[in-house]
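# Commentary on secondary and tertiary structure
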Amino acid sequence: MKACFMGLGYIGLPTAIIAAKNGIEVNGVDVNPIVVEKTNAGELHIIEPGLGELLKEVVSTGALVATTTPEECDAYFMVVPTPFKGNHQPDTSFVEAATRTVLPLLKEGDLYVIESTSPIGTTEAMADIIYSERPELKGKIYIAYCPERVLPGNVIYELVQNDRVIGGIDEASTEKAIAFYAQFVKGQLHRTNARTAEMCKLTENSSRDVQIAFANELSLICDRAGINVWELIALANKHPRVNILQPGCGVGGHCIAVDPYFITSAYPEESQIIATAREINNYKADWCAEKVENAMLKFELENHRKPVVAMMGIAFKPDIDDLRESPAKYIATKVMQKCNNASILVVEPNVSEHNVFNLTDYNEAYEIADIVVFLTAHTPFKSLEKREDKVILDFCGIFR
Ligand code: SAJ
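As the structure is a prediction and not an experimental result, all values here were calculated from the model.

## A closer look at the packing of aromatic side chains
Summed over all chains, the structure comprises 12 aromatic pairs. With a centroid separation of 5.2 Å and an interplanar angle of 80°, the aromatic rings of Phe 84 and Tyr 261 are classed as edge-to-face. Of the two residues, Phe 84 sits in the loop between strand S4 (75-78) and helix H4 (93-102) while Tyr 261 sits in helix H10 (residues 260-264), which places them 177 residues apart along the sequence. Plain terms: the ring middles of Phe 374 and Phe 381 are 5.8 Å apart, the flat faces sit at 55° to each other, and that makes the pair tilted. As far as burial versus exposure is concerned, Phe 374 and Phe 381 are alike and both buried. By way of ring pairs, the aromatic residues Phe 5, Phe 77, Phe 180, Tyr 181 and Phe 184 are connected into one cluster.

What follows is the structure in structure tokens.
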């Protein structure tokens, strides 16, 4: 069995590595020659705990070989990004490009799987493309959708242990894909059709987005009502059937803040809650930025000088170094643009250097700042002592 993974990013590379570690001959493909070169040198181009050693191992045994164009294999996996275009319309052009690249290599009995988060109907659309270019393969290859569900930072464990949903365009395709994943997944493999599997992925992330929006909405209400939202949620969660998530400074990352739009753009009339949740979570970041700006104005009026402001944590969630699509980074940038020469210290303990932000040590920033804004709940911040001599804007519950 030889498998080709199209895309060696945050999901494709770990999956290729785990497959190679489990006796599958793997061809990892990426359009970026630097990624291919690094991978073949056993160097990880993404950050994921424990993965570096595994990569070295599968490269040294020859189980994983990276190339910029695919080799002939028995199974092909599309693991490429699906961002959105203007107007929040999903952009499946990378999936289509990867599909067209493997198309000439497909032969009878092969398996073709999409893992990329995709709008409903993408697997069928790709099947149509395959069959229109290679009509002789109709009914002779297996086509399925199988979304990934791993949490960045815990990928090695979750890739193997999480249950997965697998939906083929017909039952034979589902069974063929199940047999492939059973080689390295220990979680249960649940059978469905392609459209349900596509919607399942979108549903998981939309569900989390809606739940976070509920927590963020509570934080806005509590701010006006003079109630500590953290205490409120902790108390409400004592109810056996209530489980409210935590408010923050917005929702970031490349999945939860993106995938709901794949539903709302296709079903705008029916997806009212999902659309509103997106709006609330986006609005929360602007609300936080405004709070900081107002605190700075108040400080200046009262003290007749500009404040020193510490922006604590700019990663998109706690204890990671990933700044992409980060609401905290957005807030820090927005405040800096409007700061009127006030001194803004940007803190991110998980990043040593940044090409835009001049980063300050978190202890030092906490010591010298007049206004301290907690944006991301990184663990080290929790050991700081609450200071009465500072204005503290705690958007992520450090001193809950
Ligand atoms: N967040 C809150 N409050 C919370 C939980 C999260 O504000 O109570 C914020 C985080 O700070 C962050 C954003 O939400 O800005 C997203 O973080 P996350 O940890 O909820 O999720 P991701 O984006 O790292 O990973 C998600 C996961 N999906 C679900 O939990 C349903 C993961 O399993 C998926 O594989 C991943 O998306 C993906 O690739 O789709």
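More follows now that the structure is in view.
## Focus on the state of the cysteines
Each disulfide consists of a covalent bond between the sulfur atoms of two cysteine residues. Counted according to the given criterion, the structure contains zero disulfides. Here Cys 73 stays free of any disulfide, with the sulfur of Cys 4 as its closest cysteine sulfur at 4.9 Å. Free of any disulfide, Cys 146 has its nearest neighbouring cysteine sulfur in Cys 200, separated by 10 Å.

## Thoughts on the sheet that holds strand S11 (residues 371-374)
Reading across from one edge, S10-S9-S11-S12 is the order of the four strands in this open sheet, with parallel pairing throughout. Edge strands, defined here as strands with exactly one partner in the open sheet, are strand S10 (343-347) and strand S12 (391-394). In this sheet, adjacent strand axes meet at a mean angle of 15° when their direction is disregarded. Relative to S12, S11 is paired through four bridges, and the arrangement is parallel. Bridged to Val 373 within S12 is Leu 393.

## Things to note about the pattern of salt bridges
Taken as a whole, this structure holds 23 salt bridges when the rule is applied. Where Lys 2 meets Glu 25, a salt bridge forms, and the shortest distance between an N and an O atom there is 4.0 Å. Residue Lys 2 is located in strand S1 (residues 2-6), and its partner Glu 25 is located in strand S2 (residues 25-29); the two are separated by 23 residues in the primary sequence. Accessibility expressed as a relative area gives 45% for Glu 25, which makes it partly exposed. In this structure, Asp 286 and Lys 334 form a salt bridge, with 2.9 Å as the shortest nitrogen-oxygen distance. On the criterion of sequence distance, the pair formed by Asp 286 in helix H11 (residues 272-303) and Lys 334 in helix H12 (residues 327-337) is long-range, its members being 48 residues apart. Note on Lys 334: relative accessible area 24%, which makes it partly exposed. Within this structure, Lys 2, Glu 25 and Glu 71 form a network of salt bridges that share partners.

## Observations regarding the domain arrangement of the protein chain
In terms of domains, the protein chain is made up of domain 1 (2-187) and domain 2 (227-394). Summarising the inter-unit geometry, the C-alpha centres of domain 1 and domain 2 are found 35 Å apart. Here domain 1 packs against domain 2, burying approximately 1,000 Å² in sum over the two surfaces, 67% of which is carbon and sulfur. When the buried area of domain 1 at its contact with domain 2 is split by residue, Phe 84, His 88 and Thr 117 rank highest and sum to 36% of it. For the pair domain 1 and domain 2, the number of links is zero salt bridges. Along the contact surface separating domain 1 from domain 2 lie zero residue pairs in polar contact (both at pLDDT 80 or more).

## Brief notes about the site of the ligand
Close contacts around the ligand come from 19 residues, with Val 150, Lys 201, Asn 205, Arg 208 and Phe 316 the closest. In this structure, Glu 148 approaches the ligand through a side-chain N or O atom, which is 2.8 Å from an oxygen atom. Surface burial for the ligand is 85%, taken as the share of its 780 Å² of free accessible area covered by protein chains. Of the residues belonging to the shell around the ligand, the class tally is nine nonpolar, four polar and six charged.

## Some points on the environment of Val 251
Residue position: Val 251 is located in the loop between helix H9 (229-236) and H10. For the pair Val 251 and Arg 278, spaced 27 residues apart in sequence, the C-alpha to C-alpha distance is 8.7 Å. Contact partners of Val 251, with chain neighbours within four places excluded, come to Asp 209, Ile 212, Ile 256, Ala 257, Arg 278, Asn 281 and Pro 327.

Procedures and definitions
Residues numbered from 1 in each chain as written. Predicted model: local features only at pLDDT ≥ 70, side-chain atom pairs only at ≥ 80, totals over all residues. Heavy atoms only, no water. Phe/Tyr/Trp six-rings, centres within 6.5 Å; stacked < 30°, edge-to-face > 60°. Helix = DSSP H or I, 4+ residues; strand = E, 2+ residues; numbered from the N terminus. Buried < 20%, exposed > 50% of the residue type's maximum accessible area, 1.4 Å probe, protein only. Disulfide = S-S within 2.5 Å. Pairing = 2+ DSSP bridges. Axes fitted to C-alpha atoms, helices over the stretch in contact; angles between N-to-C directions. Salt bridge = Lys/Arg side-chain N within 4 Å of Asp/Glu carboxyl O. Domains from an automatic or database assignment. Buried area = accessible area lost by both parts, 1.4 Å probe. Polar contact = N/O pair within 3.5 Å; in protein donor to acceptor, adjacent residues only side chain to side chain. Near = heavy atom within 4 Å. Areas by Shrake-Rupley, 256 points an atom, 1.4 Å probe, with all protein chains shown as cover. Nonpolar A, V, L, I, M, F, W, Y, C, P; charged D, E, K, R; others polar. Contact = heavy atoms within 4.5 Å.

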